[in-house]
Structures are given as structure tokens and as C-alpha cells.
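Here is what each chain is made of, one letter per residue.
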Amino acid sequence: KLDAVGFEWNPRGYTRMSWDEGFEMLMEFGRINGHYELPALTPEVDRRSAEYRLHSWVESLHRLYRSYKDGRQSGYLTDERVLLLIKHGFEFRNY
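Counting from 1, residues in each chain are numbered in the order their sequence is written. Residue-level local features of this predicted model are given only where pLDDT is at least 70; pairs of side-chain atoms are given and counted only at 80 or more, and the full residue set underlies all totals for whole chains, interfaces and linings. The basis for every side-chain value is the complete set of heavy atoms in the structure, and neither hydrogens nor water enter the calculation.

Draft legend 1. How the structure looks around the overall build of the chain. Only runs of H or I of at least four residues qualify as helices and only runs of E of at least two qualify as strands under DSSP, and these elements are numbered from the N terminus. The helix and strand inventory of the chain stands at 3 helices and 0 strands. Walking the chain from its N terminus toward its C terminus, one meets helices and strands in the order α-α-α. In this description, contact between two residues means that some pair of their heavy atoms is separated by no more than 4.5 Å. The contacts in the chain between residues at least 6 apart in sequence include a share of 62% that link residues at least 24 apart. As displayed, the chain offers around 6600 Å² of accessible surface, 49% of which is attributable to carbon and sulfur atoms. Here the open area of atoms and residues is found with the Shrake-Rupley method and a 1.4 Å probe, where only the protein chains shown may cover a residue.

And the structure:
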């Protein structure tokens, strides 16, 4: 019933980072590394660091995309944002 009324299951994507900030950080990572596969985090990584925040944001994108593919509404991951990420070479995980 919630899907039928447009309930946003993950409205903020489990992160406090704005779309613009996360997207810019991801694009910068891609420019530097030539890909968007972030390395696994080690326990020593500070939760306030840019590395941790970006990793959390990207993990959130993957979770949101799974909901997106299931037809669930998300105010954060729109059609336009999915297409923009794909256009830049970002690959969502296939669950």
C-alpha cells in the first residue's frame, strides 16, 4: 500500500551528504583513479574523513538503486541522477 501512495522508502539515502557534494567527490575520485570502484574501508578510517563519507555515499547509491529497480520511490535517486551516473561510467551493483 505504501508503494501505491508514493512512499519514499529511502528519502535521504542513508547519508547526510548532499547530492552535489557526493557527486562531485565521486567524479573527482573517478578523474584521479580512472574508475569508480572505491576500496574497502579499513577499521582505522576516521568516520569524519572524506574517504569514509564518500564510501558511505556510494554504498547508499547502490542500496537506493536496488529500490529504484524495484519501482520504489526515492526523492534522492531520480531517473535523471541514475542516467547522469551511468553516463559518467558509474556502474551500479546487480543484486
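Now that the structure has been shown, we can carry on.
Draft legend 2. Spatial organisation of the nonpolar core. Residues enter a nonpolar core if they are buried and are Ala, Val, Leu, Ile, Met, Phe, Trp, Tyr or Cys, with the set joined through side-chain atoms within 4.5 Å. Buried, partly exposed and exposed residues are distinguished by accessible area as a fraction of the type maximum, computed with a 1.4 Å probe on protein chains only: under 20%, between the cut-offs, and over 50%, respectively. Judged by nonpolar contacts, the single largest core of 21 residues is most densely connected at Leu-26, Trp-57 and Leu-85. At the level of elements, α1 (19-33), α2 (50-69) and α3 (79-87) are the ones that each hand at least two residues to this core. The residues contacting Leu-85, other than those within four sequence positions of it, are Trp-19, Phe-23, Leu-26, Leu-61, Leu-77, Phe-90 and Phe-92.

Draft legend 3. Local environment of the packing of aromatic side chains. Pairs were defined over the aromatic rings of Phe, Tyr and Trp, the Trp ring being its six-membered one, requiring ring centres within 6.5 Å. Orientation was assigned from the angle between planes: stacked under 30 degrees, edge-to-face over 60, tilted for the rest. Going through the model one piece at a time under the given rule, you end up with 7 aromatic pairs. When the centroid spacing of 5.6 Å and the interplanar angle of 20° are considered together, the rings of Trp-19 and Phe-23 count as stacked. Taken together, the positions of Trp-19 and Phe-23, both in helix α1 and 4 residues apart, correspond to about one turn of that helix. Residue classification places Trp-19 among the buried residues on the basis of a relative accessible area of 9%.

Draft legend 4. Region of interest: the pattern of salt bridges. Each reported salt bridge corresponds to a side-chain nitrogen of Lys or Arg within 4 Å of a carboxyl oxygen of Asp or Glu. In this structure the tally under the stated criterion is 5 salt bridges. One salt bridge connects Arg-31 with Glu-24, and the closest N-O pair in it is separated by 2.9 Å. The partly exposed category is assigned to Glu-24, whose relative accessible area is 42%. Two residues, Arg-93 and Glu-59, come together in a salt bridge whose shortest N-O distance is 2.4 Å. Of the two residues, Arg-93 sits in the segment after α3 while Glu-59 sits in helix α2, which places them 34 residues apart along the sequence.

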